[in-house]
Amino acid sequence: MLKSFPLKKRKKQNMEVKESLSKILPVRVNTAYSTRLLSINKVLKAEAKEVLYKAGLDLANTEFEGLKAEGISNALSLVADEYFRKGLGRLIMDGVNEKFLLVRNYECATCAAADNDGKTHCWLDAGFIAGALKQMLNEDYVVIETKCCGTGSEYCEFMIAKRHRKAPK
Ligand SMILES: [Zn+2]
């Protein structure tokens with residue numbers, strides 16, 4: 001007889017719940033998507049970073065158009081929902097100070113097939129997060145991937161900072 005699953009009653013969809021869920025239910029990452037993205041990456045060479053960032057930005061601008069969020073935590077949890085639903089990874093908040101905040105992505109679908117070559121690969125994701133935040137908060141953000149499977153990390157880490165307009169001289 002099957003025992004009822006202990007987390008069944010928990011309906012609250014937030015990042016902490018996802019983190020605890022994932023320890024019980026490890027996600028099997030399909031590496032086919034990653035292999036294809038890394039191939040595009042390789043062909044684009046020096047242009048890869050900019051092109052993929054823009055592609056992510058563009059995609060999020062469409063997907064999150066018209067959606068509004070109450071602050072950055074709320075916006076990021078909506079991005080995390082999207083990632084979780086589509087099997088793109090498990091996004092969790094990691095840390096915050098007054099200048100930037102950090103999010104982690106476990107089981108990232110983008111770099112799942114990447115070799116440890118000392119490089120970060122998830123520019124598409126960085127652009128996507130920036131685009132989603134722009135749509136939901138109506139503010140410009142810069143997102144930079146600071147850790148990746150490609151740099152030997154078990155998760156991807158993104159640094160998110162508000163883009164400040166240049167102060168007049
Ligand atoms: Zn990565």
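The shown structure was predicted, so the numbers you read here are calculated from the model rather than taken from an experiment.

**Student:** Mind showing me how you'd approach the sheet that holds strand β4 (residues 155–162) here?
**Tutor:** Backbone hydrogen bonds are what pair the strands of a sheet, in a parallel or an antiparallel way. Read across the open sheet, the 4 strands follow the order β1-β2-β4-β3; overall the sheet is antiparallel. Bordering the open sheet on either side are β1 (90–96) and β3 (141–147), each of which pairs with just one other strand. Put simply, the sheet's adjacent strands are angled 25° from each other on average, direction ignored. Two elements, β3 and β4, share 6 bridges in a ladder whose sense is antiparallel. Looking across to β4, one finds that Val143 is bridged to Ile160. Helix-sheet contacts for helix α4 (residues 71–85) involve β1 and β2 (100–106), and the interaxial angle to β1 is about 155°. Most of the contacts of helix α5 (residues 123–137) go to β3, to which it runs at about 150°, and overall it touches β2, β3 and β4.

**Student:** Where do I start with the packing of helix α3 (residues 48–63) against α5 in this structure?
**Tutor:** A packed helix pair is summarised by two numbers, namely the angle formed by the two axes and the spacing between the axes. Two elements in contact, α3 and α5, have axes separated by 6 Å at closest approach and are oriented at 35°. Of the two elements, α3 crosses α5, and the hand of that crossing is right-handed. Between α3 and α5, the contacting residues are Ala48, Lys49, Leu52, Tyr53, Lys54, Ala55, Gly56, Leu57, Asp58, Leu59, Ala60 and Asn61 on the first element and Trp123, Leu124, Asp125, Ala126, Gly127, Phe128, Ala130, Gly131, Ala132 and Gln135 on the second. Here the residues of the contact of α3 with α5 are counted per class, giving 13 nonpolar, 5 polar and 4 charged.

**Student:** I'm lost on the pairing of β1 in this one. Help?
**Tutor:** Look at any regular strand and the pattern is simple: side chains alternate between the two faces of the sheet. Pairing analysis gives 6 bridges linking β1 to β2, with the strands arranged antiparallel. For Met93, the partnering residue across the bridge sits in β2 and is Val103. Between β1 and β2, which pair antiparallel one after the other, the connecting turn spans 3 residues.

What counts and how
- Residues numbered from 1 in each chain as written.
- Predicted model: local features only at pLDDT ≥ 70, side-chain atom pairs only at ≥ 80, totals over all residues.
- Pairing = 2+ DSSP bridges.
- Helix = DSSP H or I, 4+ residues; strand = E, 2+ residues; numbered from the N terminus.
- Axes fitted to C-alpha atoms, helices over the stretch in contact; angles between N-to-C directions.
- Contact = placed C-beta atoms within 7 Å.
- Left-handed = near helix turned anticlockwise from the far one by under 90°.
- Nonpolar A, V, L, I, M, F, W, Y, C, P; charged D, E, K, R; others polar.

These figures capture arrangement, not role.
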